[in-house]
Amino acid sequence: MQHEHSFLTRRTGSAALIAAAALASAGAWADDATLTGDWGGARSQYAQAGVSFRGDYVSETFANVSGGRDRGSTYAQQLRLGADFDMARLAGWSGATLHFTINDRRGGGVSADYIGNRLPVQEVYGGPYTRLSEASIEQNLLDSRLNLRVGFFAMGNDLGGMAIGCQLVNAAFCAHPLSMSGNTGWYNYPNARWGAALRYQLQPELFFRTGAFQDNPHLGDKDNAFRPFAAGTAGVILPLELEYAPGSSPRSKALPGHYKLGLIYDTASAKRQGEPGTVDQRYGVYLLADQAIMRDKASGRGLALFGQFTANPKASAQITRWYAAGLVKTGTFAGRDADTLALGVVHAQLNPRLRASAAAANPDVGGYAALPAGETVVELSYGWQPLRWLGVRADVQYIVDPGAFSYRSTQNALAVGTQLKITF
């Protein structure tokens with residue numbers, strides 16, 4: 001879609017209007033999970049008939065107050081609307097669900113405009129236009145032990161993600177390591193490609209995932225936002241993932257956690273990093289883990305830790321190593337059981353071949369040793385949950401060596417901001 005809806009074109013104004021509407025409606029829907037409630041009973045009737053509607057809005061307003069390239073602030077937002085169709089109720093097709101999602105992003109990025117770093121401060125920044133984000137069908141088989149999804153959707157919806165990371169705002173944490181897309185054709189929401197995903201439950205808390213997904217970078221272009229059959233397929237992405245999820249079984253008494261070991265293989269050719277020529281395929285491995293170490297079932301209060309590691313070859317990867325760790329405290333002050341306090345640190349290591357190539361091409365930078373070896377972000381966030389459908393997050397991020405992936409020395413940056421989430 002080339003046009004913009006009027007309420008989306010007025011950036012900071014739209015955020016204020018939506019927030020005001022949300023707060024004004026708090027009394028009417030304080031006990032509901034959505035701002036708009038049950039639509040006078042119509043929403044429940046649609047759900048009973050087999051149609052469930054989804055909608056949410058996220059805004060992230062940040063300022064670079066120190067370091068980087070320049071001082072300044074930006075606002076970014078995302079509006080997502082979708083529906084899920086239970087085909088058992090609609091057509092007697094047992095275990096099948098159709099998914100349809102439209103995504104709209106607007107605004108600017110403080111990383112791109114003022115800091116100049118690789119790991120975006122605002123997770124919802126990028127691709128500022130309306131696009132088709134999902135048109136897929138999901139099928140459960142073997143008493144739901146086997147799940148198949150086929151169609152046009154984001155590969156990261158099913159693989160390589162960590163939901164706990166979205167208690168932080170930087171795209172490095174929410175919700176996939178950026179080294180995956182920095183090395184292969186891996187793609188995450190809201191970008192969609194044609195693919196098939198399979199999940200099989202080997203044991204009550206052990207899962208195997210795989211699939212085959214289109215590698216077509218041209219589908220990320222604005223002109224192809226509603227052209228899922230656009231030309232440009234370069235290869236196929238073949239992932240493998242094994243997940244151990246303690247506490248996920250109904251009878252389990254273990255504290256909840258997720259441990260994922262994965263392999264990515266991409267058949268598409270790509271430019272060789274820091275050297276002439278091309279590589280015929282790309283690959284990488286990842287290890288993701290999060291684990292609750294304290295939890296009160298009655299209140300939901302608790303403490304969880306998380307960690308990430310990825311490794312990618314120097315021949316093909318921009319980011320050869322990725323390290324991340326953090327903690328999330330759910331339940332903070334008295335009476336604030338749903339609030340969260342989160343701390344995270346991530347380091348993305350620049351491919352040393354790219355670093356050496358940049359030093360050789362520009363003698364003025366002072367040589368290989370003078371260039372940063374990678375970028376590090378430390379983030380502290382407090383999430384206030386006044387209502388089930390309304391979340392407000394105060395956030396501060398300190399970026400070390402923000403010029404690493406631009407092959408220059410840049411003063412460390414400090415970004416502060418807020419995030420607003422509303423579920424319709």
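Refer to the structure presented above.
The structure reproduced in this document is the subject of the present report.

Thresholds applied
- Residues numbered from 1 in each chain as written.
- Predicted model: local features only at pLDDT ≥ 70, side-chain atom pairs only at ≥ 80, totals over all residues.
- Heavy atoms only, no water.
- Helix = DSSP H or I, 4+ residues; strand = E, 2+ residues; numbered from the N terminus.
- Polar contact = N/O pair within 3.5 Å; in protein donor to acceptor, adjacent residues only side chain to side chain.
- Contact = heavy atoms within 4.5 Å.
- Salt bridge = Lys/Arg side-chain N within 4 Å of Asp/Glu carboxyl O.
- Core = buried A, V, L, I, M, F, W, Y, C linked by side-chain atoms within 4.5 Å.
- Buried < 20%, exposed > 50% of the residue type's maximum accessible area, 1.4 Å probe, protein only.
- Disulfide = S-S within 2.5 Å.
- Arc of directions from axis to C-beta.
- Phe/Tyr/Trp six-rings, centres within 6.5 Å; stacked < 30°, edge-to-face > 60°.

## A look at the side chain of N224
Mapped onto the elements of the fold, N224 is located in the loop between strand 7 (206-215) and strand 8 (235-244). In terms of polar contacts, N224 uses its side chain to reach the backbone carbonyl oxygen of H218, at 2.7 Å. For N224, the side chain forms a polar contact with the side chain of R227, separated by 2.7 Å. Aside from chain neighbours lying at most four places away, what touches N224 is H218, L219 and A230.

## Focus on the pattern of salt bridges
Counted by the stated rule, this structure contains 15 salt bridges. For R80, the salt bridge is made with D56, and the minimal N-O distance between the two is 3.0 Å. Taken together, the residues span a long stretch of sequence, with R80 in strand 2 (residues 72-86) and D56 in strand 1 (residues 51-66) at a distance of 24 residues. Among the salt bridges present, the one from R105 reaches E123, with a minimum N-O distance of 3.9 Å. Taken as a pair, R105 in strand 3 (residues 96-107) and E123 in the loop between helix 6 (110-115) and strand 4 (130-141) lie far apart in primary sequence, 18 residues in all.

## Structural notes on the nonpolar core
With 42 residues, the main nonpolar core has L119, F213, W322 and V346 as its most contacted residues. For this core, the secondary-structure elements that each account for two or more residues are helix 6, strand 12 (282-295), strand 13 (302-311), strand 14 (319-330), strand 15 (340-350) and strand 18 (413-423). The contacts of W322, once residues within four sequence positions are left out, are L119, A172, P177, L178, S179, Q308, F309, T310, V346, H347 and A348. Within the second largest apolar cluster, 10 residues are counted, among which are L35, Y75, W389 and L420.

## Let's talk about the state of the cysteines
Inspection of the entire model under this criterion finds one disulfide. The disulfide bridge from C166 ends at C174, spanning 1.9 Å between sulfur atoms. Judged by the torsion about the S-S bond (85 degrees), the C166/C174 disulfide is right-handed.

## Notes on helix 7 (residues 352-361)
What helix 7 keeps buried is the set L354, R355, A358 and A359. Looking straight down helix 7, one finds its buried side chains confined to an arc of 135 degrees; they lie on one side. Facing away from the buried side of helix 7 by more than 90 degrees, the exposed set consists of A360 and A361. Buried residues along helix 7 sit against strand 15. Measuring from the backbone nitrogen of R353 back to the side-chain oxygen at the start of helix 7 gives 2.9 Å, which picks out N351 as the cap.

## Re the packing of aromatic side chains
Tallied over the entire structure, the rule returns 10 aromatic pairs. Relative to F306, the ring of F173 lies with its centre 6.2 Å away and its plane at 75 degrees, an arrangement referred to as edge-to-face. Here the residue F173 occupies a position in the loop between strand 5 (146-153) and strand 6 (193-203), and F306 occupies one in strand 13, the gap between them amounting to 133 residues. Its relative accessible area of 1% is what places F173 among the buried residues. F306 gets classed as buried once you look at its relative accessible area, which sits at 6%. Seen in terms of ring centroids, W186 and Y286 are 6.2 Å apart; in terms of plane orientation they differ by 80 degrees. Their pairing is edge-to-face. Taken together, the residues span a long stretch of sequence, with W186 in the loop between strand 5 and strand 6 and Y286 in strand 12 at a distance of 100 residues.

Note that every value here comes from positions in space, so none of it alone points to a role or purpose.
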